[in-house]
Amino acid sequence: MIGGNGMGPWRLLGWFAVIAVAFFCLYHVRTVAISIIIGVFLTALLLPPARWLRRRGLGRAAATTIVFAGGLVLAGALIALVVPPTVASVSELRASVGKVLDDLHVLTSHLGLNDQQLVAQAREYLSTQGRQITTGALAGVRTVGEIVVGAVLAVILSVYFVHAGDRLFRWLVELLPAGMRARVAETGDLIFSVIGRYIHGVAIVGLVDAFFIGISLWILGVPVALPLAVLTFVGAFLPVVGAFFAGLLAAVVALVAKGWLVALIVVAVTVAVQQIEGHVLAPQIYGKALDLPGAVILVAITVGSVIAGITGAFLAAPVTSVIVALLRHPRSTEPAHST
């Protein structure tokens with residue numbers, strides 16, 4: 001027992017060393033590594049419906065084809081739903097921006113401020129921030145070609161993983177020494193289980209958030225309500241930070257289009273939805289296995305954005321969840337796949 005406790009810190013240091021070496025290697029092949037990770041995430045999202053179809057008598061090829069064809073149809077329908085309302089609301093927002101600028105001009109005049117100088121400084125600040133955001137968003141890739149190649153590779157890998165990922169994993173395990181196979185197979189099952197629970201949990205939480213916030217924006221008559229709801233859903237995949245920025249953008253649009261009162265209502269609705277999510281919905285969906293402190297998530301997102309830009313920021317939380325699960329697993333007394 002004493003010997004076991006003495007090995008605890010060394011085992012922890014060993015895990016940190018392995019993780020550091022893995023991140024160092026992944027950084028130099030980050031385009032391929034990110035494609036593989038995204039492919040695994042897509043697989044975790046699409047494998048359950050494919051398995052459902054297989055249980056009803058369809059072959060692997062037919063189930064995979066139906067699932068990915070359905071995914072493409074849903075993506076196309078989403079684009080068709082989002083783009084026209086966004087284009088139609090541009091003129092309304094332009095008129096609202098002009099009114100807001102006139103109101104600000106009156107306010108600054110009453111305060112004795114030079115609004116022209118403030119506008120010039122604001123434009124310079126926004127221009128600088130725009131360049132920094134663009135640079136940060138592309139920090140993980142060097143060319144547009146890498147983005148395209150990485151996306152195509154991720155989709156192709158996800159097709160293969162959904163069709164025969166279990167066979168590939170068994171083949172890889174059989175290449176290892178006999179004494180390592182059981183442990184590696186168990187670890188692989190744990191990793192895929194955590195990723196699956198994370199992806200499905202985020203998708204459900206994001207849908208609930210997007211529905212209630214989108215309905216609220218529509219009732220209040222805020223322009224681009226549907227695109228903002230979609231952005232809220234996407235923001236759920238960037239924990240803590242994504243929800244904040246999605247709510248902030250919705251409040252800004254409401255302020256520009258409808259005024260202070262509606263903007264405050266949007267802020268109140270967003271805060272209420274986030275509180276319900278954080279204290280009621282998320283704990284029930286994620287479970288304690290994926291419960292990460294906010295500070296850990298923020299640090300992980302920062303590290304991910306430094307390593308791979310905006311893509312790394314989106315992948316930071318699930319990767320951190322996997323690492324925490326691996327660290328907890330040797331001390332667990334229950335099977336990794338039990339719920």
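The protein carries the name AI-2E family transporter in an unreviewed UniProt entry, which gives Nonomuraea monospora as its organism. You can read under Subcellular location (unreviewed entry) in the UniProt record for the protein the words "Cell membrane". Per UniProt, the comment on the protein under Sequence similarities (unreviewed entry) is "Belongs to the autoinducer-2 exporter (AI-2E) (TC 2.A.86) family."

Undergrad: Quick question: what am I supposed to make of the overall build of the protein here?
TA: Helix and strand counts for the protein come out as 10 helices and 0 strands. Ordering the α and β elements of the protein from the N terminus gives α-α-α-α-α-α-α-α-α-α. By the burial criterion, 31% of the 339 residues in the protein qualify as buried. For the protein, the computed accessible surface area is about 20800 Å², with 74% contributed by carbon and sulfur atoms.

Undergrad: Would you explain the nonpolar core in this entry?
TA: Nonpolar side chains tend toward joint burial in soluble globular proteins. Core analysis: the biggest nonpolar cluster contains 15 residues, and Phe 41, Leu 190, Val 194, Ile 195, Tyr 198, Ile 199 and Val 322 have the highest contact counts within it. In terms of residue count, helix 6 (residues 178–219) provides more of this core than any other element does, 6 residues in total. Among the nonpolar cores identified, the runner-up in size contains 13 residues, and Val 224, Ala 250, Ala 254 and Ala 263 belong to it.

Undergrad: Just to check I follow, could you spell out a nonpolar patch on the surface for this structure?
TA: Nonpolar side chains collect at one region of the surface, where Phe 211, Phe 212, Ile 215, Trp 218 and Ile 219 lie side by side and expose about 600 Å² of accessible area between them. Examined against the element boundaries, Ile 219 turns out to sit in helix 6.

Undergrad: How should I be thinking about the UniProt feature "transmembrane region" (unreviewed entry) in the protein in this particular structure?
TA: Following the UniProt record, the feature "transmembrane region" (unreviewed entry) maps to residues 12–29, 35–53, 65–83, 144–162, 198–220, 226–252, 259–276 and 296–327 here. Summarising residues 35–53: 100% helix, 0% strand, and an end-to-end C-alpha distance of 26 Å. Segment residues 198–220 splits into 96% helix and 0% strand. End C-alpha atoms: 32 Å apart.

Undergrad: Would you mind showing me how to read helix 8 (residues 241–258) here?
TA: Turn by turn, an α-helix covers 3.6 residues, leaving residues three or four places apart pointing in a common direction. The first and last C-alpha atoms of helix 8 sit 25 Å apart over 18 residues, in line with the 26 Å expected at 1.5 Å per residue. Gly 242, Ala 246, Gly 247, Ala 250, Ala 251, Val 253, Ala 254, Val 256 and Ala 257 are the residues of helix 8 that are buried. Just beyond helix 8, the residue with positive phi is Gly 259, at close to 105°.

Undergrad: What exactly am I supposed to notice about the packing of helix 7 (residues 225–235) against helix 8 here?
TA: In helix packing, the relevant descriptors are the interaxial angle and the interaxial distance, both defined with respect to the helix axes. Running from N to C, helix 7 and helix 8 point in directions that differ by 165°, and their axes come no closer than 8 Å. Taken as axis vectors, helix 7 and helix 8 run roughly antiparallel relative to one another. The crossing of helix 7 and helix 8 is right-handed. Residues Leu 228, Leu 231, Thr 232 and Gly 235 of helix 7 form the contact with helix 8, whose participating residues are Gly 242, Ala 243, Ala 246, Leu 249, Ala 250 and Val 253.

Rules behind the numbers
- The residue count restarts for each chain, going from 1 along the sequence in the order it is written.
- Reporting in this predicted model follows two pLDDT cut-offs: at least 70 for local features of residues, and 80 or more for side-chain atom pairs to be given and counted; totals over whole chains, interfaces and linings ignore these cut-offs and use all residues.
- Working from all heavy atoms in the structure, the side-chain values ignore hydrogens and water.
- UniProt positions are given in the numbering used here, feature names are shortened, and annotations may be inferred rather than shown by experiment.
- Under the scheme used here, helices are H or I runs from DSSP no shorter than 4 residues and strands are E runs no shorter than 2 residues, and both carry numbers assigned from the N terminus.
- The cut-offs for exposure are 20% and 50% of the maximum accessible area for each residue type, with area from a 1.4 Å probe on protein chains only; residues under the lower value are buried, those over the upper are exposed, and the others partly exposed.
- Under the convention used here, a 1.4 Å probe and the Shrake-Rupley method define accessible areas, while residue burial counts only the protein chains that appear.
- Nonpolar cores are built from buried Ala, Val, Leu, Ile, Met, Phe, Trp, Tyr and Cys residues. Side-chain atoms within 4.5 Å join them into one set.
- Residues forming no salt bridge and having over 30% relative accessible area are the ones grouped into patches, like charges within 9 Å of each other and nonpolar side chains (Val, Leu, Ile, Met, Phe, Trp, Tyr) within 5 Å.
- We count a salt bridge whenever a side-chain nitrogen from Lys or Arg sits within 4 Å of a carboxyl oxygen from Asp or Glu.
- A helix is expected to reach a length of 1.5 Å times the quantity of its residues less one.
- Only C-alpha atoms enter the line fits that serve as axes; for helices the fit covers just the stretch in contact. Angles between N-to-C directions range over 0 to 180 degrees.
- Working rule for angles: under 35 degrees goes down as roughly parallel, over 145 as roughly antiparallel, 65 to 115 as roughly perpendicular, anything else as oblique.
- For any helix crossing, the convention is left-handed if the near helix is rotated counterclockwise from the far helix by under a right angle, and right-handed if that rotation is clockwise.
- We call two residues in contact when some of their heavy atoms are within 4.5 Å.

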